[in-house]
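Close look at the chain arrangement
The chain contents come next:
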Amino acid sequence: MTLSSSPVLLTRITPAMARRIVARDEEPGDDWHPDYPFVDELDPLEALAASESSASPFTMYAIREPATRLAVGGLGFFGPPDASGTVEFGYGLIPAARGRGLASAAVTLALAHAQHWGARRAVADTETDNGASRRVLEKAGLHETGRRGTLVLFARDLL
């Protein structure tokens, strides 16, 4: 499954692909930037690699530059929406891909996808000292809902 908008592509990461990413065993068509994945993405990738294939749209996606199809980051949902319709997500880009609007485009695209599949609210968090990530979330229509330790909490209704 590929989600696309002009500035970004999101391609579904299957458990088999997650195993290849973790093992750094790239196959033709995987097209990963040499710096991908970044350290923060390894735990979720390992969890996905150990799972069974699922048709759920609430999974992990590689963030790709459309011109090159090169994977430069990831975006993942932490599972399907809960009983209230809330879905949590996280994202990140390798340093070389930052500052070009890819993260904002990826988050916006992913939230439209989540809404299409029944999510009614999206939540995310970022570190207080990560101003760039806060701006990404705000550009995607999320607003600060509180703070917990060093985290800033964000939410957006998807109605």
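Bringing the overall build of the protein into the picture now. Of regular secondary structure, the protein possesses four helices and eight strands. Listing the helices and strands of the protein from first to last along the sequence gives β-β-α-α-β-β-β-α-β-α-β-β. Relative to a compact globule of 159 residues, whose C-alpha radius of gyration would be 15 Å, the protein shows 15 Å and is just as compact. If one aligns the C-alpha atoms of the protein with their principal axes, the spans along those axes are about 40 × 35 × 30 Å. Evaluated residue by residue, the protein yields a buried proportion of 47% over its 159 residues. Considering only intrachain contacts with a sequence separation of at least 6, the fraction spanning at least 24 residues in the protein is 59%. Accessible area of the protein: about 8000 Å², with a carbon and sulfur share of 52%.

This brings us to the side chain of Thr-11. Note that Thr-11 resides in strand S2 (residues 8–12). Side chain to side chain, Thr-11 and Arg-64 meet in a polar contact 2.8 Å long. If we skip the residues at most four places from it in the chain, Thr-11 touches Met-1, Thr-2, Met-60, Tyr-61, Ala-62, Arg-64 and Arg-69.

Among the five residues that make up strand S3 (residues 60–64), five are buried, leaving the element largely enclosed by the rest of the structure. Along S3, one buried face is formed by Met-60, Ala-62 and Arg-64 and the opposite face, lined by Tyr-61 and Ile-63, is buried too. Of the pairings in the sheet, the one linking S2 to S3 comprises four bridges and is antiparallel in character. Bridge pairing links Thr-11 to Ala-62 in S3. Taken together, the five bridges between S3 and strand S4 (residues 71–77) define a ladder with antiparallel strand orientation. Its bridge partner being in S4, Ala-62 is matched across the sheet by Gly-74.

The sheet built from eight strands is open, its strands ordered S1-S2-S3-S4-S5-S6-S8-S7 with mixed pairing. The outermost strands of the open sheet, each flanked by one partner alone, are strand S1 (2–5) and strand S7 (143–148). Between one strand and the next, the sheet's axes are offset by a mean angle of 25 degrees, whatever the strand orientation. Contacting strand S5 (86–93), strand S6 (121–127) and strand S8 (151–157), helix H4 (residues 131–139) crosses the sheet at an angle of about 165 degrees to S6.

Counted by the stated rule, this structure contains five salt bridges. Of the charged contacts in the structure, one is a salt bridge between Arg-20 and Asp-30, with a shortest N-O distance of 2.8 Å. On the criterion of sequence distance, the pair formed by Arg-20 in helix H1 (residues 15–23) and Asp-30 in the loop between H1 and helix H2 (39–49) is long-range, its members being ten residues apart. Accessibility assignment for this pair places Arg-20 and Asp-30 in one class, buried. In this structure, Glu-144 and Arg-147 form a salt bridge, with 2.8 Å as the shortest nitrogen-oxygen distance. When its relative accessible area of 39% is taken as the criterion, Glu-144 is described as partly exposed.

Between its first and last C-alpha, helix H3 (residues 102–116) extends 21 Å over 15 residues, near the 21 Å set by a 1.5 Å rise per residue. When you tally the buried positions in H3, you get eleven out of 15 residues, the bulk of the element. All of the buried residues along H3 are Leu-102, Ala-103, Ser-104, Ala-105, Ala-106, Val-107, Leu-109, Ala-110, Leu-111, His-113 and Ala-114. Of the residues flanking the end of H3, it is Gly-118, one or two places downstream, whose phi is positive at about 105 degrees.

How each quantity is defined
Residues numbered from 1 in each chain as written. Predicted model: local features only at pLDDT ≥ 70, side-chain atom pairs only at ≥ 80, totals over all residues. Heavy atoms only, no water. Helix = DSSP H or I, 4+ residues; strand = E, 2+ residues; numbered from the N terminus. Rg over C-alpha atoms; globule rule 2.2 N^0.38 Å. Buried < 20%, exposed > 50% of the residue type's maximum accessible area, 1.4 Å probe, protein only. Contact = heavy atoms within 4.5 Å. Areas by Shrake-Rupley, 256 points an atom, 1.4 Å probe, with all protein chains shown as cover. Polar contact = N/O pair within 3.5 Å; in protein donor to acceptor, adjacent residues only side chain to side chain. Pairing = 2+ DSSP bridges. Axes fitted to C-alpha atoms, helices over the stretch in contact; angles between N-to-C directions. Salt bridge = Lys/Arg side-chain N within 4 Å of Asp/Glu carboxyl O. Expected span 1.5 Å × (residues − 1).

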